[in-house]
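# Coordinate analysis (summary)
Take a look at the letters that make up each chain.
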Amino acid sequence: MDFGFTAEDERFRGEVRDWLAAHATGARDRRAWERTLGAAGWIGLGWGVGGYGNRRAGLTRQVVWAEEYARSGAPPRSGHIGENLLAPTLIAHGSEEQKARFLPPIAAGDELWCQGYSEPGAGSDLAGIRTAAVREADGRAYRVTGQKIWTSLAHEADWCFVLARTEAGSRRHRGLSFLLVPMDQPGRIEVRPIRQLTGTSDFNEVFFDGAHAEEVVGGEGDGWRVAMSLLGFERGVSTLAQQIGFAQELEGVVRAAVESGAVRDPVVRERLVRQWAELRTMRWNALRTLGGSGDAGAPSVAKLLWAGWHQRLGELAVLVRGAAASVGPADWSVSSPYELDAAQHLFLFSRADTLYGGSDQIQRTIIAERVLGLPREPKGAV
């Protein structure tokens, strides 16, 4: 794919770079940072529609923004789930009232979202979910009961979009609905952080005990179609920004290999070169599919590529440092027992890359069934 930037795109790049240099330095509070982005119109560039407080930008400028953001060292985003997943789904399937209610607060950085899909018994197999939503007596709202797991940023979120079973006795992908649930419901919603290998808790368990929900997107029983549409938005421009971060991590591993002398080992050199070559290949693949290739397996192929690559990079990050990789950056103390440096954090966190967002096994099953037309994997009764 010929993906060149015009002179206008490069002028836009300069504007982006200057703005980030002026505002990102020293930004630490992630919610306040979302509001700073929103006030300048930077949230919602790729929505394809305006009028909600967001700027509109074509595909190349979306790439420019994503790349420059990744290079700037700006804080990790808290609002990306609402901006990049829920908002495009509402634009495609929501009512005009739902768009008017939810898109402006997302664009302003005022309301943060989390995703209620996976469950303890239905991780990557979404059709097996058991969380139930029952109509209230007035027929206008639902009571949601069940458990979701691996819910990123649920401890910060104001709202959660929840895939729930609204038809009693339904099985698999039938009888599901896509609900919008406010998180501030004491006694009805409980969020429990999941402590990870890194010592942090980005993921959570969420328990719904009769939680109140008034909004359903796409109509009752149409949740599977809406949910699958949303999953299609998970890849795209953000993949290129992710690769900028990967390139920066790879540069750090190469520096560490030179400093430790590990680069003199021909096996290590071969692995470093392979990481570089595979990263270039991932970029070309992302550019090839950016505009929509019509390839049903493209998202799964992309996930398989980057997840395994990043996990191998984490292994290299500690390998090139030798014994020093087993020692933390600070002395142990009761108040701070779990200090990690960047390489150690990369190694430990990347162990989850081949699991979250759909495990490698699930991605291969999707490719086998939907692309290659192989016999479907047997599913247990739900």
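Cut-offs and rules
- Residues numbered from 1 in each chain as written.
- Predicted model: local features only at pLDDT ≥ 70, side-chain atom pairs only at ≥ 80, totals over all residues.
- Heavy atoms only, no water.
- Helix = DSSP H or I, 4+ residues; strand = E, 2+ residues; numbered from the N terminus.
- Contact = heavy atoms within 4.5 Å.
- Areas by Shrake-Rupley, 256 points an atom, 1.4 Å probe, with all protein chains shown as cover.
- Lys, Arg positive; Asp, Glu negative; His and termini not counted.
- Charge placed at Lys NZ, Arg CZ, Asp CG, Glu CD.
- Core = buried A, V, L, I, M, F, W, Y, C linked by side-chain atoms within 4.5 Å.
- Buried < 20%, exposed > 50% of the residue type's maximum accessible area, 1.4 Å probe, protein only.
- Axes fitted to C-alpha atoms, helices over the stretch in contact; angles between N-to-C directions.
- Parallel < 35°, antiparallel > 145°, perpendicular 65-115°, else oblique.
- Left-handed = near helix turned anticlockwise from the far one by under 90°.
- Salt bridge = Lys/Arg side-chain N within 4 Å of Asp/Glu carboxyl O.
- pLDDT = per-residue confidence, 0-100.
- Polar contact = N/O pair within 3.5 Å; in protein donor to acceptor, adjacent residues only side chain to side chain.

What follows covers the overall build of the protein. Scanning the protein for helices and strands turns up eleven helices and eight strands. Its C-alpha atoms put the protein at 70 × 55 × 50 Å along the principal axes. A sequence separation of at least 24 residues applies to 71% of the contacts in the protein between residues at least 6 apart. Accessible surface computed for the protein: about 18600 Å², of which carbon and sulfur atoms make up 54%. A gap of 4 Å separates the mean positions of the 44 positive and 47 negative side-chain charges of the protein.

Right, let's talk about the nonpolar core for a bit. One finds Trp33, Trp113, Phe161, Phe178 and Leu180 to be the most contacted residues of the largest nonpolar core, which totals 40 residues. Only α1 (7–23), α2 (30–39), α3 (59–72), α4 (80–93), α5 (96–108), β4 (159–165), β5 (176–182) and α6 (223–231) provide two or more residues apiece to this core. Among the elements that make up this core, the one with the highest residue count is α4 (five residues). In this structure, tryptophan 113 is in contact with Ile81, Gly82, Leu86, Phe102, Ile106, Ala157, Trp159, Cys160, Phe161 and Leu180, ignoring residues within four places of it in sequence. Judged by nonpolar contacts, the second largest core, of 19 residues, contains Leu272, Leu279, Trp309 and Ala317.

Turning to the packing of α4 against α6, a few remarks are in order. It is at 9 Å that the axes of α4 and α6 come closest, and there the two elements cross at 130°. One finds that α4 runs oblique with respect to α6. Where α4 crosses over α6, the two elements pack in a sense that is right-handed. Note on element contacts: α6 touches α4 through Arg225, Val226, Ser229 and Leu230, opposite Leu85, Leu86, Thr89 and His93.

Another aspect to go through is the pattern of salt bridges. Enumeration according to the criterion identifies 26 salt bridges in this entry. Between arginine 61 and aspartate 9 there is a salt bridge whose closest N-O contact spans 3.3 Å. Of the two residues, arginine 61 is situated in helix α3 and aspartate 9 in helix α1; the sequence distance between them amounts to 52 residues. Note on arginine 61: relative accessible area 29%, which makes it partly exposed. With a shortest N-O distance of 2.6 Å, aspartate 341 and arginine 321 are connected by a salt bridge. Taken together, the residues aspartate 341 in the loop between α9 (298–319) and α10 (342–349) and arginine 321 in the loop between α9 and α10 connect sequence positions 20 residues apart. In this structure arginine 321 comes out as partly exposed when scored by relative accessible area, which is 25%. When salt bridges that share partners are traced, they join Glu10, Arg13, Arg17, Glu67, Glu68, Arg71 and Arg283 into one network.

Our next topic: the confidence of the model for the protein. In this model, the protein carries a mean pLDDT of 87, and residues with pLDDT of at least 70 account for 93%. The spread of mean pLDDT over the elements of the protein runs between α6, the lowest at 83, and α5, the highest at 96.

Looking now at the side chain of glutamine 243. Looking at the element boundaries, glutamine 243 is found in helix α7 (residues 237–260). Reaching out from glutamine 243, the side chain makes a polar contact with the backbone oxygen of methionine 282 at a distance of 3.3 Å. Aside from chain neighbours lying at most four places away, what touches glutamine 243 is Leu279, Met282, Arg283 and Ala286.

So, about the side chain of glutamate 68. In this fold, glutamate 68 is placed in helix α3. In this structure glutamate 68 comes out as buried when scored by relative accessible area, which is 4%. Side chain to side chain, glutamate 68 and arginine 17 meet in a polar contact 2.9 Å long. Look past the residues within four positions of glutamate 68 in its chain and what remains in contact with it is Arg13, Val16, Arg17 and Leu20.

This part covers unusual backbone geometry. Despite not being glycine, tryptophan 150 has its phi angle at roughly 60°, a positive value. On the secondary structure map, tryptophan 150 appears in the loop between β3 (142–148) and β4. The backbone of leucine 153 shows a phi angle near 60°, a positive value even though the residue is not glycine. Secondary-structure assignment places leucine 153 in the loop between β3 and β4. On the basis of relative accessible area, leucine 153 is assigned to the buried category, the value being 7%.

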